[in-house]
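Topology and contacts: notes
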Amino acid sequence: MAGPAVSAADGNCEEACSQADGYTSEQLLIDSRKLCMGVGTPKEEHMKKRLLTLGLAAFAAVSMSVCAGAEENGELVLFTWEGMFPQEVLDTFTEQTGVKVIYSNFDTDETMLEKLAQADGGDYDVVIADDYIIEQAVSAGLVSEIDKEIVTNFGNINPLYQGQFYDPEDKYTVPYGAGIPLIVYDPELVDFEIKGYQDLWNPELEDSIAITANYRVINGITLLSMGKSMNEEDVSVIEEAGQKLQELAPNIRMIQDDNTQNALLNGEASVAFLYTSQVTTVLAENPDLKVVYPEEGLGFGIMGAFVPSQAPNAEAANKFLNYILEPEVAKQCMEFIGYYNTTGAADDIVDPSLVVPDSVSKGEIIQNVSAEADEAYNKNWTEFKAACGE
């Protein structure tokens, strides 16, 4: 923790202590910290005697300043996945506020929710997790409302990522990056401009498309190409999407979750539907590839930051949320994790490949559906993979 500022009273005490057998103001500050924590020192009795004659009030001012600084600044426990922040961002927050950031990791969203529930919304000050699990945390009463008197940068958020199902009134969360699967293609190998999902059905792309292996996402983009929701519940509509997926099968070169982008780089595929990290990777290798923001709208997932309901240091937590919404900080964070920028005020300074164009105004997040609908989605996927020879 950073030390407290030295007041006028501290200056008077320093002058007096300099005459007291070498008992300096630095030693006084150190021993004062120990005293306010209940720890004695070898010189404690000596210090007390000297202070009786040199001015107890001056000592009290220093001691109270130290103890108050420890209480007001303290620590902030940040609970998220490993590798979500550059260290310099956390260090700068500490320099600016005096609050030490304690980084605590979880492996899955479900682990986070379990630990937060066990702590009754306490133990942690800021949590960053995926959209669907935040909805569950809010429903369980484990999330507090954002203090917008402290989070004055709230207006910096891109509206595309607000008003979502897990926080429809934007009361609880600050978005921290978005995962957006996108179409990427090689214009040297494709003779027409791809503008949306519907273009993937073009017969000219026979045996040339590589796609990721998420059954809900692939069902979802098929539904979007039909003008429907990615979260369609009507089984008859889902069955129509299944029939349309069958028509896509001749164009599919491979269905693969890991390193799907390599098919573009080695020429095995001319078009790919890729996860965010894969898009970032492939563009770094070949910036001449074209990225498509589908005209039917985006399907995306959002990571959100929130303050638990019983956060030990809620004030510092809200200051941290405000801090990560500063444009320069948002730039550092998004370029570090490689996710799409959700802080609109940083769009002009962040890596352009991490910014969704202003022309994109539609987006939808995949949500949980009924068991009956999910069964229909799985059936579509099984039959589609069989048609693709998987």
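You'll find the structure just up there.
**Some words on helix α14 (residues 371-387)**
With 17 residues, α14 extends 24 Å from end C-alpha to end C-alpha; this agrees with the ideal 24 Å at 1.5 Å per step. Among all positions of α14, only Ala-373, Ala-376, Tyr-377, Asn-380, Trp-381 and Phe-384 are buried. Along α14, the residues classed as buried sweep out an arc of 135° about the axis, all on the same side. Away from its buried face by more than 90 degrees, α14 exposes Ala-371, Glu-372, Glu-375, Lys-379, Thr-382 and Ala-386. Those residues of α14 that are buried lie in contact with β6 (209-211), α8 (215-225), α9 (235-248) and β7 (252-255). At the exit of α14 stands Gly-389, carrying a positive phi of roughly 80°.

**Focus: the layout of surface pockets**
There is about 690 Å³ of room inside the largest pocket. Surrounding the largest pocket, 26 residues form its lining, Gly-179, Asn-214, Val-217, Phe-300 and Gly-301 being those nearest its centre. Elements with a minimum of two residues in the lining of the largest pocket: α7 (131-139), α8, α11 (276-285) and β11 (301-306).

**Some words on the nonpolar core**
In terms of nonpolar packing, the biggest core is built from 77 residues, with Leu-76, Phe-85, Met-112 and Phe-320 touching the most fellow members. Among the elements that take part in this core, helix α12 (residues 314-324) stands out by supplying 6 residues, more than any other. With residues up to four places along the chain from it excluded, the contact list for Leu-76 reads Phe-93, Val-99, Lys-100, Val-101, Ile-102, Asp-125, Val-126, Ala-316, Ala-317 and Phe-320. Counting 27 residues, the second-largest nonpolar core is a separate cluster that includes Trp-201, Leu-224, Ala-249 and Phe-273.

**Here we look at the sheet that holds strand β9 (residues 290-292)**
The strands making up a sheet are joined through hydrogen bonds of the backbone, oriented either antiparallel or parallel. The strand order across the open sheet formed by 5 strands is β7-β6-β8-β5-β9, and the pairing between neighbours is mixed. Across the chains shown, the open sheet's two edge strands, defined by having one partner strand only, are β7 and β9. Pairwise comparison of adjacent strand axes, ignoring direction, gives a mean angle of 20° for this sheet. Two strands pair when backbone bridges link them, and β6 and β7 are joined in this way by 3 bridges, in the parallel orientation. Within the sheet, the bridge partner assigned to Ile-209 lies in β7 and is Ile-252. Running over the sheet, α11 touches β5 (182-185), β8 (271-274) and β9 and is turned about 135° from β8.

**Some remarks on the packing of helix α6 (residues 109-118) against α7**
Two elements in contact, α6 and α7, have axes separated by 10 Å at closest approach and are oriented at 15°. By the criterion of interaxial angle, the relationship of α6 to α7 is roughly parallel. For the crossing formed where α6 meets α7, the hand is right-handed. Contacts from Asp-109, Glu-110, Met-112 and Leu-113 in α6 reach Tyr-132, Ile-133, Gln-136 and Ala-137 in α7. Counted by class, the contact of α6 with α7 contains 5 nonpolar, 1 polar and 2 charged residues.

**Points about the sheet that holds strand β2 (residues 100-105)**
Read from one edge to the other, the open sheet built from 5 strands follows the order β2-β1-β3-β11-β4, with strand pairing classed as mixed. A strand with exactly one partner marks an edge of an open sheet, and here the two such strands are β2 and β4 (174-179). Taken pair by pair, the neighbouring strands of this sheet meet at an average axis angle of 20°, ignoring direction. Relative to β11, β4 is paired through 4 bridges, and the arrangement is antiparallel. What sits directly across from Pro-175, in β11, is Gly-304. Across the sheet, helix α5 (residues 87-97) lies against β1 (75-80) and β2, angled at about 145° from β2, the strand it touches most. Packed on one face of the sheet, α7 meets β3 (126-130) and β11 and runs near 125° to β3.

**What to know about the packing of aromatic side chains**
All told, the structure shown has 12 aromatic pairs when counted by the stated rule. Where Tyr-161 meets Phe-300, the ring centres are 5.5 Å apart and the plane angle is 70°; that geometry is what we call edge-to-face. A residue pair is termed long-range when its members are at least 10 positions apart, and Tyr-161 in the loop between α7 and β4 and Phe-300 in the loop between β10 (298-299) and β11 qualify at 139 residues. As far as the burial class goes, Tyr-161 and Phe-300 line up, both buried. Here a set of aromatic residues connected by ring pairs shows up, and it is made of Phe-85, Phe-93, Tyr-176, Phe-320 and Tyr-323. Sitting over the face of the ring of Phe-154, Lys-148 holds its NZ or CZ atom 4.2 Å from the ring centroid. The positively charged end of Arg-216 is found above the aromatic ring belonging to Tyr-377, 4.8 Å away from the centroid.

What counts, and at which threshold
Starting afresh in each chain, residues are numbered from 1 along the sequence in its written order. Totals for whole chains, interfaces and linings use every residue, but because this is a predicted model, local features are given only for residues with pLDDT of at least 70 and side-chain atom pairs only at 80 or more, for both listing and counting. Side-chain calculation: all heavy atoms of the structure are included, whereas hydrogens and water are not. Strands here are runs of E lasting at least two residues and helices are runs of H or I lasting at least four, both read from the DSSP assignment and numbered beginning at the N terminus. A helix's residues, less one, multiplied by 1.5 Å, set its expected span. Working definition: with a 1.4 Å probe on protein chains only, accessible area under 20% of the residue-type maximum means buried, over 50% means exposed, and in between means partly exposed. In this description, the arc belongs to the directions extending from the helix axis to the C-beta atoms. Only heavy atoms matter for contacts: two residues are in contact if any of them lie within 4.5 Å across the pair. Using a 1 Å grid laid over the protein atoms alone, points where a 1.4 Å probe fits but cannot get out form a cavity; open sets with protein on both sides within 12 Å along at least 5 of 7 lines form a pocket; any residue with an atom within 4 Å of a point counts as lining. Grid points are joined across faces, edges and corners, and a volume is the space filled by probe spheres set on the points. Nine residue types can take part in a nonpolar core, namely buried Ala, Val, Leu, Ile, Met, Phe, Trp, Tyr and Cys, and a core is a set of them joined through side-chain atoms within 4.5 Å. In this scheme, strands are said to pair when DSSP sees at least two bridges between them. Axis definition: a line fitted to C-alpha atoms, over the contacting stretch in the case of helices. Angles run 0 to 180 degrees between N-to-C directions. The scheme is simple: roughly parallel for angles under 35 degrees, roughly antiparallel for over 145, roughly perpendicular for 65 to 115, oblique for anything else. Should the near helix be turned anticlockwise from the far one by less than a right angle, the crossing is termed left-handed; should it be turned clockwise, right-handed. Amino acid classes used here: Ala, Val, Leu, Ile, Met, Phe, Trp, Tyr, Cys and Pro are nonpolar; Asp, Glu, Lys and Arg are charged; the rest, including Gly, are polar. Geometry of aromatic contacts follows a simple scheme: Phe, Tyr and Trp rings, the Trp one being its six-membered ring, pair when their centres are within 6.5 Å, and the pair is stacked under 30 degrees between planes, edge-to-face over 60, tilted otherwise. Both a distance and an angle decide whether a charge sits over a ring: NZ of Lys or CZ of Arg must be within 6 Å of the ring centre and within 35 degrees of the ring normal.

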